[in-house]
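A structural walkthrough
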Amino acid sequence: MITSELPNLNQRNQSKIFDRIENLSSTSDEKKFFNLKVIEYLLLTGFVSSGLFIVFLSEDKRVVISGAVALTFLFFLLLINRQVF
């Protein structure tokens, strides 16, 4: 081997290692985004169902208060999830 080929060989090896690391991190990021998206959908479902409980069971004061607390709590969790996402 010529000494001028050594830096090129090292660069090729390093680029292969970086490509592998990027592939591993991209799958980890995809899993993270998928989990955050699932959490978002669950929070939205809870938000809508709490609203429906408030509307349809508005005669019962406990349901209305619990629904309002749930709406507030779910709204803030949804905002936090969107910030992380």
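Basis of the calculations
Residues numbered from 1 in each chain as written. Predicted model: local features only at pLDDT ≥ 70, side-chain atom pairs only at ≥ 80, totals over all residues. Heavy atoms only, no water. Helix = DSSP H or I, 4+ residues; strand = E, 2+ residues; numbered from the N terminus. Buried < 20%, exposed > 50% of the residue type's maximum accessible area, 1.4 Å probe, protein only. Contact = heavy atoms within 4.5 Å. Areas by Shrake-Rupley, 256 points an atom, 1.4 Å probe, with all protein chains shown as cover. Salt bridge = Lys/Arg side-chain N within 4 Å of Asp/Glu carboxyl O. Expected span 1.5 Å × (residues − 1).

Notes on the overall build of the protein
- The helix and strand inventory of the protein stands at 2 helices and 0 strands.
- Residues classed as buried in the protein amount to 11% of the 85 residues present.
- In the protein, once contacts between residues fewer than 6 apart in sequence are set aside, the share between residues at least 24 apart is 59%.
- For the protein, the accessible area works out to roughly 7200 Å², and carbon and sulfur atoms hold 67% of it.

Considering the pattern of salt bridges
- Using the criterion set out here, one finds 2 salt bridges in the structure.
- Lys37 is the partner of Glu40 in a salt bridge, and the nearest nitrogen-oxygen pair spans 3.6 Å. Separated by 3 residues within a single helix, Glu40 and Lys37 lie in helix H1 (residues 5–56), roughly one turn from each other.
- Of the residues examined, Glu40 reaches a relative accessible area of 9% and is grouped as buried.
- Here Arg82 and Glu40 are joined by a salt bridge, their closest N and O atoms 3.0 Å apart. Note that Arg82 is positioned in helix H2 (residues 61–84) and Glu40 in helix H1, a separation of 42 residues in sequence.
- Among the residues examined, Arg82 registers a relative accessible area of 43% and is labelled partly exposed.
- Where salt bridges share partners, they join Lys37, Glu40 and Arg82 into one cluster.

So, the environment of Ser58
- Relative to the assigned elements, Ser58 resides in the loop between H1 and H2.
- We classify Ser58 as partly exposed; its relative accessible area is 38%.
- Those residues in contact with Ser58 that sit more than four places away from it in its chain are Phe53 and Val64.

So, H2
- Spanning 24 residues, H2 covers 35 Å between terminal C-alpha atoms, matching the ideal 34 Å at 1.5 Å per step.
- Of the positions making up H2, those classed as buried are Gly67, Leu74, Leu78 and Asn81.

A short note on the side chain of Ser50
- Considering the arrangement of structural elements, one finds Ser50 in helix H1.
- Ignoring anything within four residues of it in the chain, the contact list for Ser50 reads Gly67, Ala70, Leu71 and Leu74.

Interpretation note: all reported values are geometric properties and have no functional meaning in isolation.
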